[in-house]
Amino acid sequence: MNYKTFFEMLWQDYIKIAPQAMRVHDLFTHLGETVINDHVAFRTFSDCSIDLDHLQPVILAMGYTLQDHYTFEQKKLVARSYSHPDEEAPRIFVSELLRHRLSEESQRILESVVAQIDPGAVDGPEIFAHGLLWNPVTATDYDTLSAESEYAAWLVSMGLRVNHFTVSLNHLRSLKGMQQVIDLLQQHQFPINQAGGAIKGVPADLLVQSSTMADQTEMTFSCGQTRTVPTCFYEFAMRYKNAGGELFDGFIASNADKIFESTHRT
Ligand code: OOG
Ligand code: NI
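Computed from a predicted structure; not experimentally measured.

Thoughts on helix 6 (residues 150-158)
Step number 1: Counting buried positions along helix 6 yields 8 of 9 residues, so the element is predominantly enclosed.
Step number 2: Those residues of helix 6 that sit buried are Y151, A152, A153, W154, L155, V156, S157 and M158.
Step number 3: G159, located one to two residues past helix 6, shows a positive phi value of around 80 degrees.

Shown next, in the form of structure tokens:
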């Protein structure tokens, strides 16, 4: 699958559960902007047949190269980023929850979840829009996970699918700068992730980011109980050149740490 088809597939999956993304996209296009994606992100579990090591070959097969590695001690995550020689191909960021670092109770819940994944589940790019590869957990188990790791709760409820798209501010023409984008979003009542401030990072970091808070949906768990759960959010990123004149191609862990919180329950 070429990357264009891949991102079209992801976008269709994404706007179904994050209708805000289509509304923000429309808002930009009505202002005469062309929306180019800076990156998309996925989340997964460690030590299973959809872990980073299993997913990476599919990304590489679409022409991507591994760009960098990241560690998030507190959130018990690691991540990798990938970039593509084609300038308009969005970067890909994939993080993985280190299951063995969670409490025994959460490990037990997640073990029964990953045990249901087919060992050959990763057989092509379609896996990235698959959603749940397991049966829903109980609402009690969801609550247990959510109290310890919002990331774990998000992943068991949403499955393997794109977590956010990211508008490249470098490619906007009339909207100048992050604050102007945030002001526009707030005028239209889109909730902004305020963790660590609405704007994450400074130009000296070479990457400045901001994001909405995820849409929410009512979800029925295996016990028949329902919960309102976060789905997906939209991100905005502005990249800067280093002293050598090269556009920064990676991610900033301290920004990412706060972007993860866009799927926290409010
Ligand atoms: C990914 C958070 C990190 C970024 O741009 O730094 C990220 C996630 O929420 O899964 O997307
Ligand atoms: Ni992102």
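Read on, since the account is not over.
Quick look at the environment of L172
Step number 1: For L172, the location among the structural elements is in the loop between strand 5 (164-168) and helix 7 (178-187).
Step number 2: Separated by 137 residues in the primary sequence, L172 and V35 have C-alpha atoms spaced 7.3 Å apart.

Here we look at the nonpolar core
Step number 1: Within the largest apolar cluster, 63 residues are counted, with the highest numbers of intra-cluster contacts made by A152, L155, V156 and L169.
Step number 2: A total of 7 residues in this core trace back to one element, the largest contributor, which is helix 6.
Step number 3: If we skip the residues at most four places from it in the chain, L155 touches R43, F45 and L97.

What about the site of ligand 1?
Step number 1: Neighbouring ligand 1 are A41, R43, F93, S95, N163, Q209, E235, F251, N255, A256, I259 and F260.
Step number 2: Secondary-structure elements contributing two or more residues to the shell around ligand 1 are strand 1 (37-45), strand 4 (91-97) and helix 8 (253-259).
Step number 3: Sort the elements by how many residues they give to the shell around ligand 1 and helix 8 lands first, with 3 residues.
Step number 4: When its residues are assigned to classes, the shell around ligand 1 shows 6 nonpolar, 4 polar and 2 charged.

Analysis parameters
- Residues numbered from 1 in each chain as written.
- Chains lettered and ligands numbered in written order.
- Predicted model: local features only at pLDDT ≥ 70, side-chain atom pairs only at ≥ 80, totals over all residues.
- Buried ≥ 20, exposed ≤ 12 C-beta atoms within 10 Å, placed from the backbone.
- Helix = DSSP H or I, 4+ residues; strand = E, 2+ residues; numbered from the N terminus.
- Core = buried A, V, L, I, M, F, W, Y, C linked by C-beta atoms within 7 Å.
- Contact = placed C-beta atoms within 7 Å.
- Near = placed C-beta within 6 Å.
- Nonpolar A, V, L, I, M, F, W, Y, C, P; charged D, E, K, R; others polar.

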